[in-house]
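# Structure assessment
Single-letter residue listing:
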Amino acid sequence: GIALAVAVVPEALPAVVTISLAIGVQKMVKRNALIRRLPAVETLGSTSVICSDKTGTLTRDEMTVRKIYSAGQMFNVSGAGYDPIGQFSVNGGTPVVPTDGLKLMLTAATLASDTYLIDGENDSGSEWQIKGDPTEGALVVAAAKAGLQKVSLDTESPRVHEIPFTSETKRMTTLHQTTDGMVAYAKGAPEMILDGCDFVRTENGITKLDADGRVQILARAQEMAEQALRVLAISSKQNAVLETAERGMTFLGLAGMIDPPRLEAKAAIAICNDAGIRTVMITGDH
């Protein structure tokens, strides 16, 4: 009533509007709706499509390796999150001891990563954590499940050079000084890694990579991608030099990882569907 009385004076109209909107904002906050610009509410009321980022928005941004293709075999990896406890099995069978080819691939993936695994009990938290990129973290954790620790690997094979990841090359390559000389390790998009590979590691050793072999590897990558896995390829090269490190490499395998969805995302999408709003997921994955 007071507001209406004051509103009789035209100069008071802006103040009355501001106060009314402020009261409306307070009521919306109580319903968990925080709006910076109130006209946006009108736009939201007519929304028909919502396009959402995937990683970290619809998912938890905690990548976990689920499948590894190495030396012609498909391995399943158990365990969840960044806890380095899990087992390897072939096609979901009984657990097996990691093969030499699998260990070599995980070693290459770990050395070509900048992320470290941190024991939460020795840090500020109570769970295992990573320091760095979640995708690299998934590879480092998978290696730890096979008994390969990044700190030890970095000490045994110190990094000498690095060709960083770019959106054009879609790969990262590092050169390391080892007991066998300079070795290059690379990880990245399967098609980009394969373009730089002339050889492939099999159960019988290293052989020439022919056209049929490339088709088979890409088919495996597609198969993993269709299971909602983010797929990375791993390769290496002996006696490498920086200028030609990414050519004439040996293909080591594929790593398929999944980012578990946020529990609240399912309910949010259901609410949008009930309201007649179409939801679209935007991702850079395969």
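Computed from a predicted model, the values in this text were never measured in an experiment.

## Notes on the overall build of the protein
A tally of regular secondary structure across the protein gives nine helices and 15 strands. Its C-alpha radius of gyration of 26 Å places the protein more than 25% over the 19 Å reference for a compact globule of 286 residues. Only carbon and sulfur atoms are counted for the fraction: they give 56% of the accessible area of the protein, which is about 16,300 Å². A gap of 4 Å separates the mean positions of the 27 positive and 33 negative side-chain charges of the protein.

## Comments concerning the layout of surface pockets
In this structure, the largest pocket spans a volume of roughly 640 Å³. Around the largest pocket, the lining comprises 21 residues; the ones closest to its centre are Phe165, Ala189, Arg230, Leu232 and Gly284. Mapped onto the lining of the largest pocket, the elements with two or more residues apiece are helix H5 (134-145), strand S9 (171-178), strand S10 (181-188), helix H7 (190-195) and strand S13 (230-238). Here the lining of the largest pocket gets three residues from one element, more than from any other, and that element is S13. Looking at side-chain class alone, the lining of the largest pocket contains six nonpolar, seven polar and eight charged residues. For the second largest pocket, the calculated volume is near 550 Å³. Lining the second largest pocket are 28 residues, with Lys54, Leu58, Thr59, Pro261 and Met281 positioned closest to its centre. Those elements that provide at least two residues to the lining of the second largest pocket are strand S1 (49-53), strand S14 (249-258), helix H9 (263-274) and strand S15 (278-282). Tallying contributions element by element places H9 first for the lining of the second largest pocket, with six residues. Here the residues of the lining of the second largest pocket sort into 15 nonpolar, six polar and seven charged.

## Looking at the side chain of serine 70
Counting through the fold element by element, serine 70 comes out in strand S2 (residues 64-70). Among the residues examined, serine 70 registers a relative accessible area of 1% and is labelled buried. A polar contact is formed between the side chain of serine 70 and the backbone oxygen of glycine 101, at a distance of 3.5 Å. Excluding residues within four positions of it along the chain, serine 70 makes contact with Phe75, Gly101, Leu102, Met105, Leu252 and Gly253.

## Considering a nonpolar patch on the surface
A grouping of Leu13, Val17 and Leu21 is seen on the molecular surface, where their side chains present a nonpolar patch of about 250 Å² in accessible area. Following the sequence through the fold, leucine 21 ends up in helix H2 (residues 13-29). Judged by relative accessible area, which is 43%, leucine 21 ranks as partly exposed.

## Notes on the packing of aromatic side chains
Per the stated rule, a full pass over the model turns up zero aromatic pairs. Directly above the aromatic system of phenylalanine 199 lies the positively charged group of lysine 208, at a separation of 5.0 Å from the ring centroid.

## Quick look at the packing of helix H4 (residues 100-111) against H5
Between H4 and H5, the least distance of the axes is 9 Å, while the angle of their chain directions is 140°. If you check the angle between H4 and H5, you find them oblique. Here the hand of the crossing between H4 and H5 comes out left-handed. Across from Leu106, Ala109 and Thr110 in H4, the residues of H5 making contact are Leu139, Val140, Ala142 and Ala143.

## Observations regarding the nonpolar core
Counting residues in each nonpolar core, the largest one holds 27 residues, and the members touching the most others are Val65, Ile68, Phe88, Leu106, Leu139 and Met257. Elements represented by at least two residues in this core include exactly S2, strand S3 (73-77), H4, H5, S10, S13 and S14. Counting residues per element, this core draws most heavily on H4, at six residues. Here leucine 139 is in contact with Val65, Ala109, Thr110, Ser113, Lys187, Leu232, Ala255 and Met257, once residues within four sequence places are set aside.

## Some remarks on the environment of isoleucine 217
Structurally, isoleucine 217 can be placed in helix H8 (residues 211-225). A sequence separation of 26 residues divides isoleucine 217 from glutamate 191, and the C-alpha atoms of the two residues are 9.4 Å apart.

## A closer look at the environment of histidine 176
By the element assignment, histidine 176 lies in strand S9. Judged by its relative accessible area of 1%, histidine 176 falls in the buried class. Residues histidine 176 and alanine 240, 64 residues apart in the sequence, show an inter-C-alpha distance of 9.1 Å. In this view, histidine 176 contacts Leu111, Ser157, Pro158, Arg159, Val160, Gly181, Met182, Val183 and Tyr185; residues no more than four positions away in its chain are not counted. A distance of 2.8 Å separates polar atoms of two side chains, one belonging to histidine 176 and the other to threonine 174.

Conventions we followed
For every chain, the first residue of the written sequence is number 1, and numbering continues from 1 along that sequence. Whole-chain, interface and lining totals are the exception, using all residues; otherwise, since this is a predicted model, local features are given only for residues with pLDDT of at least 70 and side-chain atom pairs are given and counted only at 80 or more. Side-chain figures throughout are based on the complete set of non-hydrogen atoms in the structure, without hydrogens or water. A run of H or I in DSSP becomes a helix once it reaches four residues, and a run of E becomes a strand once it reaches two; helices and strands are each numbered from the N terminus. The globule rule used here is 2.2 Å times the number of residues to the 0.38 power, and the radius of gyration it is set against is calculated over C-alpha atoms. In short, Shrake-Rupley with a 1.4 Å probe defines the accessible areas, and a residue's cover is counted only from the protein chains shown. Only four residue types enter the charge count, namely Lys and Arg as positive and Asp and Glu as negative; His and the chain termini do not. Every charge is mapped to an atom, namely NZ of Lys, CZ of Arg, CG of Asp or CD of Glu. For each structure, a 1 Å grid was placed over the protein atoms alone; sets of points admitting a 1.4 Å probe that cannot get out are labelled cavities, open sets with protein on both sides within 12 Å along at least five of seven lines are labelled pockets, and lining residues have an atom within 4 Å of a point. Grid points are joined across faces, edges and corners, and a volume is the space filled by probe spheres set on the points. Residues are grouped as follows: Ala, Val, Leu, Ile, Met, Phe, Trp, Tyr, Cys and Pro are nonpolar; Asp, Glu, Lys and Arg are charged; all remaining types, including Gly, are polar. Residue exposure (1.4 Å probe, protein chains only): buried if accessible area is under 20% of the type maximum, exposed if over 50%, otherwise partly exposed. Polar contacts, as counted here, are pairs of nitrogen or oxygen atoms within 3.5 Å of one another; within protein the pair requires one atom able to donate a hydrogen and one able to accept it, and residues that are adjacent in sequence qualify only if both atoms are side-chain atoms. We call two residues contacting when some pair of their heavy atoms lies within 4.5 Å. Grouping into patches uses exposed residues only, defined as over 30% relative accessible area, and leaves out salt-bridged ones; the cut-off is 9 Å for like charges and 5 Å for nonpolar side chains (Val, Leu, Ile, Met, Phe, Trp, Tyr). Should a side-chain nitrogen of Lys or Arg be within 4 Å of a carboxyl oxygen of Asp or Glu, the pair is scored as a salt bridge. Only rings of Phe, Tyr and Trp enter the pairing, Trp through its six-membered ring, and a pair is recorded when the two centres are within 6.5 Å. The plane angle decides the type: under 30 degrees is stacked, over 60 is edge-to-face, the rest tilted. Distance and angle both matter: a charge sits over a ring if NZ of Lys or CZ of Arg is within 6 Å of the ring centre and within 35 degrees of the ring normal. For helices, the fitted line uses only the C-alpha atoms of the stretch in contact; every axis is such a line through C-alpha atoms, and the angle between N-to-C directions lies from 0 to 180 degrees. An angle below 35 degrees is read as roughly parallel, one above 145 as roughly antiparallel, one from 65 to 115 as roughly perpendicular, and any other as oblique. Should the near helix be turned anticlockwise from the far one by less than a right angle, the crossing is termed left-handed; should it be turned clockwise, right-handed. As used in this record, nonpolar core signifies buried Ala, Val, Leu, Ile, Met, Phe, Trp, Tyr and Cys residues forming a set joined through side-chain atoms within 4.5 Å.

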